[in-house]
Amino acid sequence: MAGPGPRPIVRRRGVRRSVITLVLLALPSLILLLLINLYPLLYAGMQSVRAGNLISLGRFVGLDNYADVLQNPDFWSSALFTVIFTVTGVFGSWVIGLALAMLLRTKIPAGGVFKVLLLLPWVVPIVVSATSWNWLVATPQSPLPMLAEAIGFGNVLFLADPLLAKITVCVFKVWISFPFMMMMMSSALAGVDHGVYEAAKVDGATGWQAFRTITMPLISRSTYISWILMTIFCVNDFPTIFLLTGGGPVNATTSLVVLAYRTVFQNFQTGPGVAIAFLMTLVLVVISVVLYRQIRKVTIE
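So, how was this worked out
Residues numbered from 1 in each chain as written. Predicted model: local features only at pLDDT ≥ 70, side-chain atom pairs only at ≥ 80, totals over all residues. Heavy atoms only, no water. Helix = DSSP H or I, 4+ residues; strand = E, 2+ residues; numbered from the N terminus. Rg over C-alpha atoms; globule rule 2.2 N^0.38 Å. Buried < 20%, exposed > 50% of the residue type's maximum accessible area, 1.4 Å probe, protein only. Contact = heavy atoms within 4.5 Å. Areas by Shrake-Rupley, 256 points an atom, 1.4 Å probe, with all protein chains shown as cover. Lys, Arg positive; Asp, Glu negative; His and termini not counted. Charge placed at Lys NZ, Arg CZ, Asp CG, Glu CD. Salt bridge = Lys/Arg side-chain N within 4 Å of Asp/Glu carboxyl O. Patch = residues over 30% accessible without salt bridge, like charges linked within 9 Å, V, L, I, M, F, W, Y side chains within 5 Å. Core = buried A, V, L, I, M, F, W, Y, C linked by side-chain atoms within 4.5 Å. Phe/Tyr/Trp six-rings, centres within 6.5 Å; stacked < 30°, edge-to-face > 60°. Axes fitted to C-alpha atoms, helices over the stretch in contact; angles between N-to-C directions. Parallel < 35°, antiparallel > 145°, perpendicular 65-115°, else oblique. Left-handed = near helix turned anticlockwise from the far one by under 90°. Nonpolar A, V, L, I, M, F, W, Y, C, P; charged D, E, K, R; others polar.

## Regarding the overall build of the protein chain
A tally of regular secondary structure across the protein chain gives 13 helices and 2 strands. What you see for the protein chain is a C-alpha radius of gyration of 26 Å, clearly larger than the 19 Å of a compact globule of 301 residues, by over 25%. When its C-alpha atoms are laid out on the principal axes, the protein chain stretches across 95 × 70 × 30 Å. In the protein chain, buried positions account for 35% of the 301 residues. A separation threshold of at least 6 residues defines the contact pool for the protein chain, and within that pool the share at least 24 residues apart is 69%. As displayed, the protein chain has an accessible area near 18100 Å², and 70% of this comes from carbon and sulfur atoms. Counting 20 positive and 10 negative side-chain charges, the protein chain places the centres of these two groups 21 Å from one another.

Shown next as structure tokens:
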């Protein structure tokens, strides 16, 4: 009767040794990650509370940099455009990506070739895409302005007019982003059984009812994940805007990341520039947490 007693103790010791071994094996990688990520973050935090430049930290000013940034009209105009750019990029690319994913799920001729062609905007380097769009819309001799003039819209300069420049940048972002959403939604739809739709059809459900009550709930987890990722991509997207418009005309397409770049590398004010970056990070964390809670809620249900 007394024989089996020590076995749980031996088992617990074995578990402890395994945990210690795993920790020791992972410790070098963890230390390396901390050195790579934590040190720049702490140094950036120090820069955000000092009146320095790219060479020296400068004197300590506390939260004055954050106060100056929040009182700067350029910050709020850039924040507004960042919201417009992000909302358009996320939901515009999601709607197109979902529609194409559902289309590709049906049996269409040359579906594989069609899918590869649709991936090109995402695969092609952003420099090539931005150069192509500049050739397409930038000057009066570009194809689209010439077409608009021929139709009767007059001399339309897509990148010289503030409103048209905003629209062009947002459309460009949707164009280069929808393939990512298409792949995310294709993966999600691949896990939905066709038998569910057949049962709904037998019950008399319309196509819209099946989409609303079956498709959307079943792909909601992947949808929230894609929204999180695309939100991060859009808010941090520097090359799309800078290569296409440089933030112009008259700062109409200046996002927060472009404003932070100008503040640090053109105005040499590292404190306010890093403060802008930290405020962006804070907003991204809040949005990610909200969407992650939605993912957990969907998973539990």
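## A word on the pattern of salt bridges
Counted by the stated rule, this structure contains 1 salt bridge. Between Lys173 and Asp237 there is a salt bridge, with its nearest N and O atoms 2.7 Å apart. With a gap of 64 residues between them, Lys173 in helix α7 (residues 162–190) and Asp237 in the loop between α10 (220–235) and α11 (239–244) connect regions that are remote in the sequence. Lys173 sits in the buried class, given a relative accessible area of 6%.

## Things to note about a nonpolar patch on the surface
There is a patch of nonpolar side chains on the surface, built from Ile20, Leu24, Leu27, Leu30, Ile31, Leu33 and Leu35 and spanning about 670 Å² of accessible area. Relative to the helices and strands, Leu27 is located in helix α1 (residues 7–48).

## A few points about the nonpolar core
With 50 residues, the main nonpolar core has Phe75, Phe85, Leu98, Met181, Ile219, Trp227 and Ile276 as its most contacted residues. For this core, the secondary-structure elements that each account for two or more residues are α2 (64–70), α3 (73–105), α5 (126–137), α7, α10, α11, α12 (256–266) and α13 (270–300). Tallying contributions element by element places α7 first for this core, with 11 residues. If we skip the residues at most four places from it in the chain, Phe75 touches Val69, Leu70, Leu256, Leu259, Ile276 and Leu279. In this structure, Val137, Ala148, Val156 and Leu159 belong to the second largest nonpolar core, which totals 5 residues.

## Re the environment of Thr223
Inspection of the secondary structure puts Thr223 in helix α10. Taking the C-alpha atoms as reference points, Thr223 and Ala150, separated by 73 residues in sequence, lie 41 Å from one another. Apart from residues lying up to four places away in sequence, Thr223 is in contact with Trp94 and Met185.

## Considering unusual backbone geometry
That bond from Gly248 to Pro249 is cis: its omega, -5 degrees, falls within 30 degrees of zero. Structurally, Pro249 is set in the loop between α11 and α12. With a phi angle near 45 degrees, Val250 is a residue other than glycine that sits in the positive phi range. Inspection of the secondary structure assignment puts Val250 in the loop between α11 and α12. Of note in the backbone geometry, Phe268 takes a positive phi value of approximately 55 degrees without being a glycine. Residue placement: Phe268 occurs in the loop between α12 and α13.

## Quick look at the side chain of Asn65
Turning to its location among the elements, Asn65 is positioned in helix α2. The class of Asn65 is buried, set by a relative accessible area of 6%. Those residues in contact with Asn65, other than ones at most four positions away along the chain, are Gln47, Ser48, Val49, Arg50, Gly271, Pro272 and Ala275.

## Some details on the packing of aromatic side chains
Within this structure, the stated rule accounts for 17 aromatic pairs. On the basis of an interplanar angle of 65 degrees and a centroid distance of 5.1 Å, the ring pair of Phe91 and Trp227 is categorised as edge-to-face. With Phe91 in helix α3 and Trp227 in helix α10, this pair connects stretches of sequence that are 136 residues apart. With relative accessibility at 38%, the residue Phe91 sits in the partly exposed group. Relative accessible area serves as the criterion here: at 17%, Trp227 is assigned to the buried category. Ring geometry for Tyr261 versus Phe265: centroids 5.5 Å apart, planes at 35 degrees, classification tilted. With Tyr261 and Phe265 both in helix α12 and 4 residues apart, this pair spans about one turn of that helix.

## Comments concerning the packing of α3 against α7
The relative placement of two packed helices comes down to the angle between their axes together with the axis-to-axis distance. At a minimum axis distance of 5 Å, the contact between α3 and α7 shows a crossing angle of 40 degrees. Viewed along their axes, α3 and α7 adopt a mutual orientation that is oblique. The chirality of how α3 crosses α7 is right-handed. Tallied by class, the residues present in the contact of α3 with α7 amount to 19 nonpolar, 7 polar and 3 charged.

Shape is all these values report; function is a separate question.
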